[in-house]
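The lines below spell out each chain.
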Amino acid sequence: MSDARLPDPGMVVLAGAAGSGKSTWAANRFRTAEVVSSDALRTAVGSGPSDLDASVDAFALLDQIVAARTRRSLMTVIDTLGLDAERRGGYLRLARAMDLPAVLVIMDTAAALCRERNRLRDRPVPAPVLTEQLRKINKLLESAADEGWDQVVIIDQQSADDTQLDAPTLDHDHGTSRLPRVVLQVSRFPWGDEDPGGWLQDLALAADAIGFDGIALMDHLIQIPQVDRVWEPIPEPWVTLGMLAGLPTNLRLGTLVSPVTFREPGIIAKTVATLDALSNGRAFCGLGAGWWLREHQAYGLDFPADRQRLDQLQVCIETLRALWAPGTKAYHGRHVHLPETTCYPRPVSNVPIIVGGSGERRTLRIVAEQADGCNLPSDQAILPAKIDILHRHCATVGRDPASVEITVLDLPVIGTNRDDVAVRVERLRGRLPAAVYAARHNAATAVDHARRYLELAELGVSTVFLALPDLAGADDLARCAPLLATLHG
């Protein structure tokens, strides 16, 4: 098996002869703090990495560090020779006890290359010892599959010019799945003392320049606690989108999502039609039933029970369809009756209506009956089941499920490298353990997120709405550029 995507967090045990490139391979992929190296610990407790007299103390520390990191569900990479079967078995049992995936990485490096690198060391390993290490690696290559690892990765390096030790690249061979579009969902607005309009314009221009497909704004009257403090700014989205429509970009523009409890359906229809006309057909309309009582009370809005709000959602979608249709005739439908349908300017495109929510009995049924698409959580543990339920609703109402767009809201932590990812997790995690927060937000580098988005596409996702929990401004979007470049590449 060649180099492959590794679980994170997890335990990774390296195995290879002296000079096989284990440390280089690990350094290219992991943070220094994630790699527990016997050589580094011999340096800490002895005179250097080759001080064999310090091995007992070094391995005692190594075992203590490995146990502490795995107990906290942190990524742990064990950089030793990895040739002792009993010690490997102990690591595997520890990973099982801590419910962490365990991976064995075997460096299948050409013997001549190992010997060449060994000769360049300050204290080379004696030739007979290196020969025995190479023999054990060859034996391990034959038996590793029987040891019970979750994954065995074999790194084949036959020459110094071999590229196997480079950072992994994205595999674009994903059958016939279409690459997902990525829309920037802006939910926090930390413009501080800057000009708000300038901050927003710079953000939109930067998003367009690096390859985002659009911008979606969160529609709330008070900043929600999941995003920021209640006194932080959150502008009215449709006014803001009108400003962004005047910029020289190709960005799609809309909300994710507008509660139908905030505005009458006819007003939403008029607002979205105007945005579509001003943007030359780039508008989309995200709708939801609303959920936060506090903002409704603060602004004097009714907040009926769940059933009534979902009724309002159905009325709203039908009203939009009626007012956006050609002509000005009267309309008599299932939920709506209008004496006329005069709404000018009309939308210049078929504005997609995306319903946010994953309620299995009612919300997804409304999607199947009336909407162009749905917006679901990006969690791959639950997403397939939600899509399956939606498709069953489509079958019940006689609709082709392929005609319903699947979109997801993703709230990832994206860093420029693993060190940057770790710093961001520490800053954002609050009282949650770092490993828990990192897992919830898929904390990773941009290229790792690109791989995950391709996996979402395999499930049928056509658009990912990406919301950065720590977005600072236009310049901060640069860390997303490798994600978009990788997908577009």
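Residues numbered from 1 in each chain as written. Predicted model: local features only at pLDDT ≥ 70, side-chain atom pairs only at ≥ 80, totals over all residues. Heavy atoms only, no water.

Turning our attention to the layout of surface pockets. The space that makes up the second largest pocket amounts to roughly 1,100 Å³. In terms of lining residues, the second largest pocket is bounded by 36 residues, among which Asp 39, Arg 42, Leu 81, Arg 121 and Val 125 are the most central. Contributions of two or more residues to the lining of the second largest pocket are made by α1 (22-29), α2 (38-45), α4 (85-97) and α6 (127-143). Counting residues per element, the lining of the second largest pocket draws most heavily on α6, which supplies four residues. In terms of residue class, the lining of the second largest pocket is made up of 12 nonpolar, 11 polar and 13 charged. (1 Å grid on protein atoms, 1.4 Å probe; cavity = no way out; pocket = protein on both sides within 12 Å on 5 of 7 lines; lining within 4 Å. Points joined across faces, edges and corners; volume = space filled by probe spheres on them. Helix = DSSP H or I, 4+ residues; strand = E, 2+ residues; numbered from the N terminus. Nonpolar A, V, L, I, M, F, W, Y, C, P; charged D, E, K, R; others polar.)

Before going further, it helps to spend a moment on the confidence of the model for the protein. In the predicted model, the protein carries a mean pLDDT of 93, and the fraction of residues at 70 or more is 95%. In the model, residues 163-170 has pLDDT below 50 throughout and makes 24 contacts with residues more than four positions away in sequence or in other chains. Note on residues 172-176: pLDDT under 50 across the span, and six contacts to partners over four residues away in sequence or across chains. (pLDDT = per-residue confidence, 0-100. Contact = heavy atoms within 4.5 Å.)

A separate point is the sheet that holds strand β1 (residues 11-15). Here five strands make up an open sheet; going across it, the order is β2-β3-β1-β4-β5 and the pairing parallel. Edge strands, defined here as strands with exactly one partner in the open sheet, are β2 (35-37) and β5 (151-157). Averaged over all neighbouring strand pairs, the angle between strand axes comes to 20°, with direction disregarded. Sheet topology note: the strand β4 (residues 102-109)/β5 ladder contains seven bridges and is parallel. Across the sheet, residue Ile 106 finds its bridge partner in β5, namely Ile 154. Running over the sheet, α2 touches β2 and β3 (76-79) and is turned about 60° from β2. Of the strands in this sheet, β1, β4 and β5 touch α6, which is tilted by about 130° from β4. (Pairing = 2+ DSSP bridges. Axes fitted to C-alpha atoms, helices over the stretch in contact; angles between N-to-C directions.)

Right, let's talk about α1 for a bit. All buried positions along α1 are accounted for by Lys 22, Trp 25, Ala 26 and Arg 29. Each buried residue of α1 lies within a common arc of 95° when the element is viewed along its axis, so the set occupies one face. Where the residues of α1 are buried, they touch β1, β2, β3, β4, β5 and α14 (418-428). (Buried < 20%, exposed > 50% of the residue type's maximum accessible area, 1.4 Å probe, protein only. Arc of directions from axis to C-beta.)

What follows is about empty space enclosed by the protein. One simple way to see leftover space: roll a probe sized like a water molecule over the atoms. Counted according to the given criterion, the structure contains three cavities of 30 Å³ or more. Computed from the structure, the largest cavity encloses a volume of approximately 40 Å³. Every residue lining the largest cavity is listed: Val 183, Arg 252, Phe 284, Ile 354, Glu 405, Thr 407, Thr 463 and Phe 465. Those elements that place two or more of their residues in the lining of the largest cavity are β15 (405-410) and β18 (461-466). Class assignment for the residues of the lining of the largest cavity results in four nonpolar, two polar and two charged.

So, about the packing of helix α7 (residues 196-210) against helix α8 (residues 237-245). Running from amino to carboxyl end, α7 crosses α8 at an angle of 60°, the nearest separation of the two axes being 10 Å. Of the possible angle classes, the one that applies to α7 and α8 is oblique. Between α7 and α8 lies a crossing whose hand is right-handed. When α7 is examined against α8, the residues Gly 197, Leu 200, Gln 201 and Ala 204 are found in contact with a partner set consisting of Thr 240, Met 243 and Leu 244. For the contact of α7 with α8, the class distribution of residues is four nonpolar, three polar and no charged. (Parallel < 35°, antiparallel > 145°, perpendicular 65-115°, else oblique. Left-handed = near helix turned anticlockwise from the far one by under 90°.)

Attention now moves to the pattern of salt bridges. In the structure shown here, the tally under the stated rule is 31 salt bridges. Salt-bridge contacts for Glu 369 lead to Arg 334; the nearest nitrogen and oxygen are separated by 3.5 Å. Residue Glu 369 is found in helix α12 (residues 363-370), and its partner Arg 334 is found in the loop between β11 (331-332) and β12 (337-338); the two are separated by 35 residues along the sequence. For Glu 369, a relative accessible area of 29% translates into the label partly exposed. Glu 360 serves as the salt-bridge partner of Lys 386, at 3.0 Å between the closest nitrogen and oxygen. Taken together, the residues span a long stretch of sequence, with Lys 386 in helix α13 (residues 383-397) and Glu 360 in the loop between β13 (353-356) and α12 at a distance of 26 residues. Judged by relative accessible area, which is 39%, Glu 360 ranks as partly exposed. The structure contains a network of salt bridges with shared partners spanning Asp 420, Arg 424, Arg 427, Asp 470, Asp 476 and Arg 479. (Salt bridge = Lys/Arg side-chain N within 4 Å of Asp/Glu carboxyl O.)

A separate point is a negative patch on the surface. There is a patch of like negative charges on the surface, built from Asp 193, Glu 194, Asp 195, Asp 202 and Asp 475. Mapped onto the elements of the fold, Asp 202 is located in helix α7. (Patch = residues over 30% accessible without salt bridge, like charges linked within 9 Å, V, L, I, M, F, W, Y side chains within 5 Å. Areas by Shrake-Rupley, 256 points an atom, 1.4 Å probe, with all protein chains shown as cover. Lys, Arg positive; Asp, Glu negative; His and termini not counted. Charge placed at Lys NZ, Arg CZ, Asp CG, Glu CD.)

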